[in-house]
Amino acid sequence: MKTNDQTGLNQRRTFLKQFATSAAVLSTGMLSAPFGLAAEGMSAQDISDADEWFKQVKGKHRIVFDVTKPNSILPFAWPRVFLLTNQKTGSSESECGVVVILRHDAIPYAFGHPLWEKYKFGESFKINNDATKAPATQNPFWEPKAGTFKVPGVGEVQIGINELQSSGVLFCACDVAITVHTAVIAEATKQDAAAIKQEWLANLLPGVQVVPSGIWAVGRAQEHGCTYCFAG
């Protein structure tokens with residue numbers, strides 16, 4: 001019991017330290033007003049639609065990738081590998097149901113480039129640009145240029161979020177994580193938390209569904225027949 005208690009305590013300390021670090025980074029140069037309206041086509045999905053959204057999970061072979069933090073290309077490569085290797089065994093994309101849950105420290109991937117630039121997601125969430133090795137200033141997995149991602153022995157892989165969506169992969173984002181992160185920023189920059197959260201939701205990537213929590217989504221995905229896979 002003591003070992004478990006100490007492990008839990010260490011995890012909570014790490015969690016709080018990450019938030020404190022993010023707040024320090026985000027507080028620099030962010031006292032301006034939120035963006036306002038999002039770009040055309042980047043509207044947030046209503047959280048009340050989440051249960052209905054999960055009814056889109058179809059196919060004989062179903063899997064959910066649980067993404068809690070940045071983990072290089074793996075959270076996006078694995079869904080593609082799942083689809084490609086199913087094709088090799090005779091199952092088309094239409095026979096596969098794939099859900100990717102972006103939660104906790106993986107939440108930046110749910111948003112468009114403007115938020116990455118303004119809120120320094122690359123710096124605060126430790127996400128680097130593979131080419132420059134510097135903190136990413138744009139979402140590396142949203143509409144990447146052709147040839148951006150390659151895997152040794154496999155070659156070029158289409159693992160952009162938009163490319164995976166075109167193959168039927170479903171993406172959702174944790175509302176609790178969005179709420180907590182925007183509240184931390186609001187406290188650090190003396191802004192209104194609700195306004196910042198509204199700004200983030202307005203800049204959600206097309207097709208990404210907001211869900212009550214990532215844990216809620218893990219449960220719903222399994223209720224819809226998805227096998228669980230931890231992806232980061």
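Bear in mind the structure is a predicted one, so any value in this text is a computation, not a measurement. (Residues numbered from 1 in each chain as written. Predicted model: local features only at pLDDT ≥ 70, side-chain atom pairs only at ≥ 80, totals over all residues. Heavy atoms only, no water.)

**Student:** How should helix α7 (residues 175-189) be read in this particular structure?
**Tutor:** For α7, spanning 15 residues, the distance from its first C-alpha to its last is 21 Å, which sits close to the expected 21 Å at 1.5 Å a residue. Three or more residues of α7 are buried, namely Asp175, Ala177, Ile178, His181, Thr182, Val184, Ile185, Ala186 and Thr189. A positive phi of about 60° marks Lys190, the residue just after α7. (Helix = DSSP H or I, 4+ residues; strand = E, 2+ residues; numbered from the N terminus. Expected span 1.5 Å × (residues − 1). Buried < 20%, exposed > 50% of the residue type's maximum accessible area, 1.4 Å probe, protein only.)

**Student:** Just checking my understanding: could you explain the nonpolar core for this structure?
**Tutor:** A general trend in soluble globular proteins is that nonpolar side chains are found buried together. The biggest cluster of nonpolar side chains holds 46 residues, and the ones touching the most others in it are Phe111, Phe171 and Trp200. Elements supplying a minimum of two residues to this core: β1 (61-67), α3 (74-88), β2 (96-102), α4 (113-119), α6 (161-166), β5 (170-174), α7 and α8 (193-202). For Phe111, the residues in contact, after removing those within four places along its chain, are Trp116, Phe121, Asn139, Ile178, Trp200, Leu201, Asn203, Leu204 and Leu205. Ala50, Ile101, Trp216 and Cys226 belong to the second largest nonpolar core, which has 15 residues in total. (Core = buried A, V, L, I, M, F, W, Y, C linked by side-chain atoms within 4.5 Å. Contact = heavy atoms within 4.5 Å.)

**Student:** Can you walk me through the packing of aromatic side chains in this structure?
**Tutor:** Aromatic ring pairs: the centre-centre distance and the angle between the two ring planes describe each pair. Across all of its chains, the model carries 15 aromatic pairs by this definition. With 6.4 Å between their ring centres and 20° between their planes, Phe76 and Phe171 make a pair best called stacked. With Phe76 in helix α3 and Phe171 in strand β5, this pair connects stretches of sequence that are 95 residues apart. Ring plane angle 45° and centroid distance 5.9 Å describe the contact between Tyr109 and Trp116, whose orientation is recorded as tilted. Judged by relative accessible area, which is 1%, Trp116 ranks as buried. Counting every residue linked through ring pairs, the aromatic cluster contains Phe76, Tyr109, Phe111, Trp116, Tyr119, Phe121, Phe125, Phe141, Phe149, Phe171 and Trp200. (Phe/Tyr/Trp six-rings, centres within 6.5 Å; stacked < 30°, edge-to-face > 60°.)

**Student:** For this particular structure, what's the right way to read the state of the cysteines?
**Tutor:** A disulfide bridge is the covalent bond that connects two cysteines by way of their sulfur atoms. One pass over the structure, following the stated rule, counts 0 disulfides. We note that Cys172 lacks a disulfide partner, and the nearest cysteine sulfur, in Cys174, lies 8.8 Å from it. The buried category is assigned to Cys174, whose relative accessible area is 6%. (Disulfide = S-S within 2.5 Å.)

**Student:** What am I meant to see in the layout of surface pockets here?
**Tutor:** One simple way to see leftover space: roll a probe sized like a water molecule over the atoms. The computed volume of the largest pocket comes to approximately 470 Å³. Along the lines of polarity and charge, the residues of the lining of the largest pocket split into 11 nonpolar, 9 polar and 4 charged. (1 Å grid on protein atoms, 1.4 Å probe; cavity = no way out; pocket = protein on both sides within 12 Å on 5 of 7 lines; lining within 4 Å. Points joined across faces, edges and corners; volume = space filled by probe spheres on them. Nonpolar A, V, L, I, M, F, W, Y, C, P; charged D, E, K, R; others polar.)

**Student:** So what exactly am I meant to see when it comes to the pattern of salt bridges here?
**Tutor:** Should the charged atoms of two oppositely charged side chains come close, the side chains can pair. Inspection of every chain in the model, using the stated rule, returns 7 salt bridges. Glu93 is paired through a salt bridge with Arg80; the nearest N and O atoms lie 3.6 Å apart. Residue Glu93 is located in the loop between α3 and β2, and its partner Arg80 is located in helix α3; the two are separated by 13 residues in the primary sequence. In this structure Arg80 comes out as buried when scored by relative accessible area, which is 8%. Among the salt bridges present, the one from Lys197 reaches Asp175, with a minimum N-O distance of 3.0 Å. Residue Lys197 is located in helix α8, and its partner Asp175 is located in helix α7; the two are separated by 22 residues in the primary sequence. Within the structure, one salt-bridge network assembled from shared partners comprises Asp51, Arg220 and Glu223. (Salt bridge = Lys/Arg side-chain N within 4 Å of Asp/Glu carboxyl O.)

**Student:** Can you help me understand the environment of Ala106 in this one?
**Tutor:** When you line up the elements, Ala106 lands in the loop between β2 and α4. Overall, the relative accessible area of 0% leaves Ala106 in the buried class. Distance from Ala106 to Ala177, taken between C-alpha atoms, is 9.1 Å for residues 71 residues apart in sequence. When neighbours within four sequence positions are excluded, Ala106 is seen to be in contact with Val67, Thr68, Lys69 and Pro70.

**Student:** I would appreciate a short explanation of the side chain of Ser167 in the present structure.
**Tutor:** Residue position: Ser167 is located in the loop between α6 and β5. Once residues within four sequence positions are removed from consideration, Ser167 is found in contact with Arg80, Leu83 and Glu93.

**Student:** Which parts of the structure should I look at to understand the pairing of β1?
**Tutor:** It is a general feature of regular strands that their side chains alternate between the two faces of the sheet. In terms of residue burial, β1 counts as a mostly covered element, since 5 of its 7 residues are buried. As defined by bridge partners, β1 adjoins β2 across 7 bridges and the pair is classed as parallel. Residue pairing in the sheet places Val64 in a bridge with Val99 of β2. Once you follow β1 into α3 and on to β2, the crossover reads as right-handed. Note that β1 and strand β7 (residues 227-230) share 4 bridges and pair parallel. Bridge pairing in β7 places Val64 opposite Tyr228. (Pairing = 2+ DSSP bridges. Right-handed = clockwise from strand over helix to strand, strands pointing away.)

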